[in-house]
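Breakdown of the fold
Spelled out from the first residue to the last, the chains are:
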Amino acid sequence: MEELINQYRYLVGGYYGVSLIDEYPVKEYILKDIEEYIKDFIEVNPIDNFNYKEEAESIKDNLSDKVKLQDALLVLYKINGPMDLVFIIKKRLKKYSKK
């Protein structure tokens, strides 16, 4: 059960990570793909007594941008996302490691 919750958390974190990448011109299409992947995940792996929407809001508000971007890399791998977006995210993550 905890493993499914953690998977849901990184999927949602990845969604918000991709949403941070304003310089990617077609991010809306990738976000839609991630959204569909999350919906399919929930359908296949329902978690009893778990408030998905509340958890997503908590992730959006409380997770650092760095972690969201790291989650985005995991999610893009899962959905076979575009490599140019992966490179943009990695470049952005390097800025966090220099701080």
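Conventions we followed
Residues numbered from 1 in each chain as written. Predicted model: local features only at pLDDT ≥ 70, side-chain atom pairs only at ≥ 80, totals over all residues. Heavy atoms only, no water. Axes fitted to C-alpha atoms, helices over the stretch in contact; angles between N-to-C directions. Helix = DSSP H or I, 4+ residues; strand = E, 2+ residues; numbered from the N terminus. Parallel < 35°, antiparallel > 145°, perpendicular 65-115°, else oblique. Left-handed = near helix turned anticlockwise from the far one by under 90°. Contact = heavy atoms within 4.5 Å. Nonpolar A, V, L, I, M, F, W, Y, C, P; charged D, E, K, R; others polar.

**Topic: the packing of helix α1 (residues 2–19) against helix α3 (residues 52–62)**
At a closest axis distance of 9 Å, the pairing of α1 and α3 adopts a crossing angle of 50°. For the element pair α1 / α3, the angle class is oblique. Classified by chirality, the crossing of α3 by α1 is right-handed. Taking contact as the criterion, the partners of Tyr8, Arg9, Val12, Gly13 and Tyr16 in α1 are, on α3, Tyr52, Lys53, Glu55, Ala56, Ile59 and Lys60. A per-class count over the contact of α1 with α3 returns six nonpolar, one polar and four charged.

By themselves, these are just geometric observations and shouldn't be taken as functional.
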